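Secondary and tertiary structure notes
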Amino acid sequence: MDEERQGTPEFQETTQRLTQAELDARRASRRASQQRRRRNSVFQYIAILFMAAFVLLLYTFMMERRQSKQQIDELQQSVSTVQSLQNLYDENARLKEEVNSLQLQINGLENQVADTEEGQAQLQAQLQSMEQTVTAMSWFWQLNDAYVRGRFNQCRSLIASMEEAGVAELLPRENAASQDFLSPADRYAEIHGRVVK
């Protein structure tokens, strides 16, 4: 009976439909598997692109970080250089102030030296004048002693020597001991007037 059915056109048509359906199903499954493969390859391609983009971003980040670190190092060196220069400027200003202070001290000391030299010159002149006065007084006492003893020739000789040496003008004009007695200059003039004619 089965064999009879197989020979019928309906059976053949059903078989063709079944085989057509099987073919369609197979085609559909092939298409589905091809689409799956295509989808998988697209996903793989997208994953590879994401990985490449990530690697590039990571590489760019590392390069930027390295460059930033170099710039930071350069800036730190610049800052330390600026600080060193500022320290040098401050030191230079301090040294200039010290130089000015020392220059003022030198000027003050030079003025003191000049004043001291001037004072020394004045004292030297006073000393020289006093020495000449002492010499004049020494001759005066010899003259006075010779006059008191009545040695008029010796007095004339002493007066001539005093005038020749120019010490007669150096005799004091005031008597430091007392106002009651004549000054050495006045006494010399008195003796001169009496002895030299």
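Residues numbered from 1 in each chain as written. Predicted model: local features only at pLDDT ≥ 70, side-chain atom pairs only at ≥ 80, totals over all residues. Heavy atoms only, no water.

Notes on the overall build of the protein chain
The cut-off we apply is this: The helix and strand labels rest on DSSP assignments: H or I over at least four residues marks a helix, E over at least two residues marks a strand, and numbering proceeds from the N terminus. Using a 1.4 Å probe on the protein chains alone, a residue whose accessible area is under 20% of its type maximum counts as buried, one over 50% counts as exposed, and one in between counts as partly exposed. Whether two residues touch is decided by their heavy atoms; if any such pair falls within 4.5 Å, the residues are in contact.
What the protein chain contains, in helices and strands, is four helices and zero strands. When the helices and strands of the protein chain are read in sequence order from the N terminus, they spell out α-α-α-α. In the protein chain, which comprises 197 residues, the proportion classed as buried is 11%. Counted over contacts in the protein chain with a minimum sequence separation of 6, partners at least 24 positions apart contribute 53%.

Describing the pattern of salt bridges
Applied cut-off: Should a side-chain nitrogen of Lys or Arg be within 4 Å of a carboxyl oxygen of Asp or Glu, the pair is scored as a salt bridge.
With the rule as written, the count across this model stands at five salt bridges. A salt bridge links arginine 94 to glutamate 91; its shortest N-O distance comes to 2.4 Å. Separated by three residues within a single helix, arginine 94 and glutamate 91 lie in helix H2 (residues 9-148), roughly one turn from each other. Assessed through its relative accessible area of 37%, arginine 94 is described here as partly exposed. For glutamate 91, a relative accessible area of 35% puts it in the partly exposed group. If you follow the salt bridges from partner to partner, you end up with Glu91, Arg94 and Glu98 in one network.

Observations concerning the packing of helix H3 (residues 152-165) against helix H4 (residues 184-195)
For clarity, the cut-off: Interaxial angles span 0 to 180 degrees and are taken between N-to-C directions of axes, which are lines fitted to C-alpha atoms, for helices over the stretch in contact. Just so you know how the angles are binned, under 35 degrees is roughly parallel, over 145 roughly antiparallel, 65 to 115 roughly perpendicular, and the rest oblique. With the far helix as reference, a near helix turned anticlockwise by less than a right angle produces a left-handed crossing, and one turned clockwise produces a right-handed crossing. Classification convention: Asp, Glu, Lys, Arg as charged; Ala, Val, Leu, Ile, Met, Phe, Trp, Tyr, Cys, Pro as nonpolar; all other residues, Gly among them, as polar.
In contact at an axis separation of 10 Å, H3 and H4 are set at 120 degrees when each is read in the N-to-C sense. The pairing of H3 with H4 is recorded here as oblique in orientation. Viewed along their axes, H3 and H4 form a crossing whose handedness is left-handed. Only Tyr188, Ile191, His192 and Val195 of H4 make contact with H3, whose side of the interface consists of Phe152, Cys155, Arg156, Ile159, Met162 and Glu163. A per-class count over the contact of H3 with H4 returns seven nonpolar, one polar and two charged.

Some remarks on the environment of isoleucine 191
Mapped onto the elements of the fold, isoleucine 191 is located in helix H4. Between the C-alpha atom of isoleucine 191 and that of cysteine 155, which follows or precedes it by 36 residues, the distance is 8.3 Å. For isoleucine 191, the contacting residues outside a window of four places in its chain are Leu143, Asn144, Tyr147, Ile159 and Val196.

Thoughts on the nonpolar core
Going by this rule: Throughout, nonpolar core names a set of buried Ala, Val, Leu, Ile, Met, Phe, Trp, Tyr and Cys residues whose side chains join them through atoms within 4.5 Å.
By size, the foremost hydrophobic cluster in this structure holds 17 residues, and its most contacted members are Leu143, Leu171 and Tyr188. Broken down by secondary-structure element, the contributors of at least two residues to this core are H2, H3 and H4. Sort the elements by how many residues they give to this core and H2 lands first, with six residues. Look past the residues within four positions of leucine 171 in its chain and what remains in contact with it is Ala136, Met137, Phe140, Met162, Pro184, Ala185 and Tyr188.

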